[in-house]
2 protein chains.
Amino acid sequence: MLTQDSRATLDRISDLNRLKLELNELPAIDVGDYISDLAPEQRAITFRLLNKTQATDVFEYLPPDVRESLIGSLHNIQVCQIVESMRPDDRAELFDELPAGIVKRLVQQLSPEERQATATILGYAEGTAGRVMTTEYVRLREGLTVGEALSKIRLADRDKETIYYAYVTDNNRKLKQVVSLRQLLFSIPDARIEDIGSDRVIKARTEMQQEEVAQLMKRYDLLAVPVVDREDRLVGIITVDDVVDILEQEATEDIQKLGGGGGDESSLSLPIDKLRNRLPWLLGIMALYIGASSAIAPFQTTIAAVPVLAVIMPLFSNTGGTVGIQALTVTIRSLGVGEVSSKDTMKILRKELIAGVGTALALGLTMLLLSLIWTKPEERWVGFVAGFVMASNSIVAVTLGTLLPMGLKRLNLDPALVSGPLVTTLLDTIGFITFLTLITFSLNVLKLGV
Amino acid sequence: MLTQDSRATLDRISDLNRLKLELNELPAIDVGDYISDLAPEQRAITFRLLNKTQATDVFEYLPPDVRESLIGSLHNIQVCQIVESMRPDDRAELFDELPAGIVKRLVQQLSPEERQATATILGYAEGTAGRVMTTEYVRLREGLTVGEALSKIRLADRDKETIYYAYVTDNNRKLKQVVSLRQLLFSIPDARIEDIGSDRVIKARTEMQQEEVAQLMKRYDLLAVPVVDREDRLVGIITVDDVVDILEQEATEDIQKLGGGGGDESSLSLPIDKLRNRLPWLLGIMALYIGASSAIAPFQTTIAAVPVLAVIMPLFSNTGGTVGIQALTVTIRSLGVGEVSSKDTMKILRKELIAGVGTALALGLTMLLLSLIWTKPEERWVGFVAGFVMASNSIVAVTLGTLLPMGLKRLNLDPALVSGPLVTTLLDTIGFITFLTLITFSLNVLKLGV
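Residues numbered from 1 in each chain as written. Chains lettered and ligands numbered in written order. Predicted model: local features only at pLDDT ≥ 70, side-chain atom pairs only at ≥ 80, totals over all residues. Heavy atoms only, no water.

1. Focus on the overall build of chain A
Formally: Here a helix means four or more residues in a row that DSSP labels H or I, a strand means two or more in a row labelled E, and each is numbered from the N terminus. Here the globule rule reads 2.2 Å times residues to the power 0.38, and the radius of gyration is calculated from C-alpha atoms. Categorising residues by exposure relies on relative accessible area from a 1.4 Å probe, with only protein chains included: less than 20% of the type maximum marks a residue as buried, more than 50% marks it as exposed, and the intermediate range marks it as partly exposed. In what follows, residue pairs with any heavy atoms lying within 4.5 Å of each other are defined as contacts. Note on areas: Shrake-Rupley, 1.4 Å probe, and residue coverage restricted to the protein chains presented here. Positive charges come from Lys and Arg, negative ones from Asp and Glu, while His and the chain ends are left out of the count. Lysine's charge is taken at NZ, arginine's at CZ, aspartate's at CG and glutamate's at CD.
Regarding its fold elements, chain A presents 22 helices and six strands. For 450 residues, the compact-globule formula gives about 22 Å, and the C-alpha radius of gyration of chain A, at 30 Å, lies well above that figure. Along the first, second and third principal axes, the C-alpha atoms of chain A reach 95 × 60 × 40 Å. A burial count over chain A gives 58% of its 450 residues as buried. Of the contacts made within chain A by residues no fewer than 6 positions apart, 66% connect residues no fewer than 24 positions apart. Put simply, chain A shows about 19100 Å² of open surface, and 56% of that area lies on carbon and sulfur atoms. Computed over 46 positive and 57 negative side-chain charges, the separation of the two mean positions in chain A equals 4 Å.

2. Thoughts on helix α12 (residues 146-155) of chain A
Which entries qualify depends on this criterion: Comment: arc refers to directions from the helix axis out to C-beta atoms.
Considered for burial, the residues of α12(A) that qualify are V146(A), A149(A), L150(A) and I153(A). Buried residues of α12(A) fall within an arc of 100° about the axis and therefore sit on the same side. Those residues of α12(A) that are buried lie in contact with β1 (138-141), β2 (165-169), α13 (181-185) and α14 (193-196) of chain A together with α12 (146-155) of chain B.

3. Digging into the sheet that holds strand β4 (residues 204-205) of chain B
Residue and element names in this part refer to chain B. Rule in force here: The pairing criterion for strands is at least two bridges between them, as found by DSSP. Helix axes use the C-alpha atoms of the stretch in contact, all axes being lines fitted to C-alpha atoms, and the angles between their N-to-C directions lie in the range 0 to 180 degrees.
The three strands lie next to each other as β4-β5-β6, forming an open sheet whose pairing is mixed. Each edge of the open sheet is held by one strand with a lone partner, namely β4 and β6 (234-239). Here β4 pairs with strand β5 (residues 224-228) via two bridges, running parallel. Following the sheet pairing, R205 is matched in β5 by V228. This element, helix α15 (residues 210-219), spans β4, β5 and β6 of the sheet and lies at about 135° to β5.

4. Brief notes about a nonpolar patch on the surface
Residue and element names in this part refer to chain A. As a reminder, the rule being used: Two joining distances apply to patches: 9 Å for like charges and 5 Å for nonpolar side chains (Val, Leu, Ile, Met, Phe, Trp, Tyr), and every residue must have over 30% relative accessible area and no salt bridge. Throughout this description, the term salt bridge denotes a Lys or Arg side-chain nitrogen within 4 Å of a carboxyl oxygen of Asp or Glu.
Taken together, the side chains of L404, L426 and I430 make up a nonpolar region of the molecular surface, amounting to roughly 200 Å² of accessible area. Among the secondary structure elements, L426 is positioned in helix α22 (residues 420-444). The partly exposed category is assigned to L426, whose relative accessible area is 33%.

5. Focus on the relation of the copies chain A and chain B
Filter applied, for reference: Copy-to-copy superposition: least squares on the C-alpha atoms, limited to residues that have pLDDT of at least 70 in both copies.
Overlaying chain A on chain B yields an RMSD of 0.1 Å, the required transformation being a rotation through 180° with an accompanying axial translation of 0.0 Å. Taken together, the turn and the small shift mark the pair as related by a two-fold rotation axis. Relative to the rotation axis, the C-alpha of A304(A) is the closest in chain A, positioned 2.1 Å from it. When you check the interface residues of chain A against chain B, 100% turn up at the interface there too, and the contact is symmetric in its surfaces.

6. A closer look at the sheet that holds strand β2 (residues 165-169) of chain B
Note on sheets: strands pair through backbone hydrogen bonds, and any given pair is parallel or antiparallel. Residues and elements named next belong to chain B. Taken together, three strands build an open sheet; the order of strands is β1-β2-β3 and the sheet is mixed. Each having just a single partner strand, β1 (138-141) and β3 (175-180) make up the two edges of the open sheet. The mean inter-strand angle of the sheet, taken between neighbouring strand axes irrespective of direction, is 30°. Here five bridges tie β2 to β3, and the two strands are oriented antiparallel to one another. If you follow V168 over to β3, its bridge partner there is Q177.

7. Quick word on the pattern of salt bridges
Oppositely charged side chains may form a pair once their charged atoms are brought near each other. In this structure the tally under the stated criterion is 43 salt bridges over all chains. E352(B) is paired through a salt bridge with K274(A); the nearest N and O atoms lie 2.9 Å apart. Highlighted residues: E352(B) in helix α20 (residues 345-374) and K274(A) in helix α17 (residues 271-296), drawn from two different chains. Look at the salt bridges and you will find they share partners, linking E265(A), K274(A), R278(A) and E352(B) into a network.

8. Let's talk about the UniProt feature "transmembrane region" (unreviewed entry) in chain A
Residue and element names in this part refer to chain A. As a reminder of what qualifies: UniProt positions are given in the numbering used here, feature names are shortened, and annotations may be inferred rather than shown by experiment.
Cross-referencing UniProt, the feature "transmembrane region" (unreviewed entry) maps to residues 279-299, 305-332, 353-375, 381-404 and 416-441 in the present numbering. Helix makes up 89% of residues 305-332 and strand 0%, with an end-to-end C-alpha separation of 42 Å. Across residues 353-375, the secondary structure splits into 96% helix and 0% strand, with the terminal C-alpha atoms separated by 31 Å.

9. Some points on the packing of aromatic side chains
Where we set the bar: Pairing of aromatic side chains here covers Phe, Tyr and the six-membered ring of Trp, requires ring centres within 6.5 Å, and sorts the geometry by plane angle: under 30 degrees stacked, over 60 edge-to-face, intermediate tilted.
On inspection of all chains with the given rule, the structure shows nine aromatic pairs over all chains. Residues F47(A) and F59(A) carry aromatic rings whose centres are separated by 6.3 Å and whose planes lie at 70° to one another, so their mutual orientation is edge-to-face. Of this pair, F47(A) sits in helix α4 (residues 40-47) while F59(A) is found in helix α5 (residues 52-61), placing the two residues twelve residues apart along the sequence. Relative accessible area serves as the criterion here: at 0%, F47(A) is assigned to the buried category. Using a relative accessible area of 2% as the deciding quantity, one classes F59(A) as buried. On the numbers, 4.1 Å between centres and 20° between planes, the contact of Y164(A) with Y164(B) is stacked. Residue Y164(A) is found in the loop between α12 and β2, and its partner Y164(B) is found in the loop between α12 and β2; the two belong to separate chains. The residues Y164(A) and Y164(B) share a single accessibility class, namely buried. Chaining the aromatic ring pairs together yields one cluster made of F316(A), F432(A) and F435(A).

10. Quick notes on the packing of helix α19 (residues 309-336) of chain B against helix α22 (residues 420-444) of chain B
All names here are of chain B. Quick reminder of the rule: What sets the label is the angle itself: under 35 degrees gives roughly parallel, over 145 gives roughly antiparallel, 65 to 115 gives roughly perpendicular, and the rest give oblique. A clockwise turn of the near helix away from the far one marks a right-handed crossing, whereas an anticlockwise turn of less than a right angle marks a left-handed crossing. Here the nonpolar group is Ala, Val, Leu, Ile, Met, Phe, Trp, Tyr, Cys and Pro; Asp, Glu, Lys and Arg are the charged ones; every other residue, Gly included, is treated as polar.
The contact between α19 and α22 brings their axes to 9 Å, and the two run at 140°. The angle between the axes of α19 and α22 places the two elements in the oblique class. Two packed elements cross with a definite hand, and for α19 against α22 that hand is right-handed. Judged by residue contacts, L309, I312, M313, F316, S317, G320, G321, G324, I325 and L328 of α19 engage G420, V423, T424, L427, D428, G431, F432, F435, L436 and I439 from α22. Classifying every residue of the contact of α19 with α22 by side-chain character gives twelve nonpolar, seven polar and one charged.

11. Overview of the interface of chain A and chain B
Going by this rule: What gets called buried area is simply the loss in accessible area from a 1.4 Å probe that two parts show on being joined, summed for both. Under the rule applied, a polar contact is a pair of N or O atoms within 3.5 Å (in protein, one hydrogen donor and one hydrogen acceptor; residues adjacent in sequence only if both atoms are side-chain atoms).
The partner chain B presents 119 residues to the 118 residues of chain A that form the contact. Counting the surface lost from both chain A and chain B, the interface buries some 10600 Å², and carbon and sulfur atoms represent 65% of this. Counting every contact that joins chain A to chain B gives 14 salt bridges. Where chain A touches chain B, the interface holds 41 residue pairs in polar contact (both at pLDDT 80 or more).

12. Examining unusual backbone geometry
Residue and element names in this part refer to chain A. With a phi close to 45°, D221 is a non-glycine residue in the positive phi region. Following the sequence through the fold, D221 ends up in the loop between α15 (210-219) and β5 (224-228). Look at D221 and you get partly exposed, because its relative accessible area is 33%. One non-glycine residue with positive phi stands out, namely N412, at about 65°. Among the structural elements, N412 can be located in the loop between α21 (380-410) and α22. A relative accessible area of 71% places N412 in the exposed class.

13. Describing helix α8 (residues 88-97) of chain B
All names here are of chain B. Most of α8 is tucked away, with seven of its ten residues classed as buried. Buried within α8 are the following residues: P88, D89, D90, R91, A92, L94 and F95. Looking at the buried residues of α8, the elements they touch are α5 (52-61), α6 (64-73), α7 (76-85), α9 (100-108), α10 (112-122) and α11 (129-132).

Structure (structure tokens):
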């Protein structure tokens, strides 16, 4: 792809002037990757070859550690230029990741308007519409004609994140209408915008969760959505490229939490961050097992009497766990993409239980057959107990896998908090105790196998 | 949100004329949801209230079963109108899901151009750029001025999926340049488009996988990407709303495969489809265990001699499995979002192994401590074996969790084919056999615990 082309081009260039030309022509993200891969001492030299616009764009694509080291080695005036011309939302993100001392210095050197725009965005909680929005959009007053609106858009700052929608507000900045550039272009210049714009504006509130905004924009195939405050005043917009990032980030979080992790890890994360993300879950599972083991421990005599249990139990545990995980992943994902909500709980549980009965029959029967192969003639009865518990545990598994995330959703918590390992540990414990109790009962009371 | 508003509005209306007005004004997706929720006999009556444009849009948002029943109950002429005015890519999708007999009848009634456009798209393999592209885009000949280009865009069909990019081709339809509406609006009308358009066109080939196209558009924040054939001729475009859908679909597939499922299930899927998706994985796990159990079976005398093993082994199995799943989910997701590629295998494995050693030490030590609590004085040595195997199995777990998906990727297969249950089953088997072999060796050769 183009990235490789860009890389190959850059690697071939030995002449500094030609490199400068190329660096200012290539897509900013490719240049960002190229600079990140350079040795630290070469980065600042290369970065200085960029013109002002390209420097700002490239800077936005650099990873946090490269940004910080660049800020340290560039001239103060160049840093200020870049920070001043960044979009307010990207600037807020940068300030989030830089040490407080540097941020303080940079903020002091910003122009009053830009300082205000950044402060506004940083005032909203992380993960809300207010925090991801940009304050650079095209705003039109009520009463303009199409021709006037088009000239206003032409005169607008080239830096506006999108010019493909314009927002019509009244004197109090209250959002009245949205009009697309497409509608403006296809209308006669004398038409009034209130006649062509739409009054049914799909909008987000500043405190709305970013994933809700993303789902909304996905549903209505919007390129941008306006963000309003409690008084319905327009304060920013969120564009579709943010939506793509938000949806990916949310999916990554769901996947990693299901696997038992923090949610923001990558293959390239530092080993120490990997440990920090994963170890708490692992030690948590072990802690849960302390409880479970004290319940299993009394059954040691049963296991000594029927050692084939040690062959059957692992199968039992892994299969039952998987039944639970299957229901859990489907439920969490359907909630995640906004396909279902917590009010659908009973409808979904019914479907899961019907499928669960089928699963229970199939697995119970297979378990019975396998146990009959593994057990000695005098232990055959164990197979029937194993088959029964496998079946009943499958029903418990789909019920937990469905109800736990739905319950969290109803409580307005993140459904992905029920991670996979939690469900499998819970199912193991329930299954083992049921199984061993039934076996012990059969041994001691029914006097089977004696 | 707006959906609820729309629903509430529609539910309140009793008067047919007002309902008709509302249905033609609301967003098509909301009307689609409303019609899907109606009783089957009411759907066609309600659908006939829609004007032609709205009917086409709403039809695209209906679920497959509702579409099919509507086609059966609407007049033939109305069905033809809708199918004729659908976008070629949406029409191809519809034909994919309808019974062959109906498709044949519908195709015969299409205009020659529309029939050709659909046939072109259906000629590409599922999941490729050719299959998801639309053939409705704005094409400009070389040599136009900005003013001419803008008039051409104004005169273009309103149905073009996007007018925010125009593509410049030569006489052989070869793609030369891309120019954005933004660039055109910000340039003087007399400028020539070759002077403002970009020659470095980021484009996709028809046979490119849809997820690669999505990653490309995400990387460069594009609203649309042109699709070219082998001769570099422009044949279609893919727009950003498709990217959002593709990325979500790919994430769903990854999540469900990790959980042990088919990849296209939803909470609302029919129970029979759920069974079809999940049962093969469950029975597959059981089949794998037939092999594992024959390896474990000979150890029954060991387990009878040291029954505390039955308390230790489940902990061992669930924790080791989780270590593997954690590495697996992070690797699959990082590959999925295009953050790493198979050439990074060694770099990633090194990071995972460093973290893995930390995990191994922490888990091995915890296992030792817990075993010391659970074992009787004469069995204390079991704790040391358990701790050692827990540690070594953690290293095996991160190695498998990293290398298996990377290996599949290198072979150009889907990394998510290594599902979670497969990895846990494999780890269980390896861990149990190592553990039981060491315990048996200690019992019989070292004469411990006798």
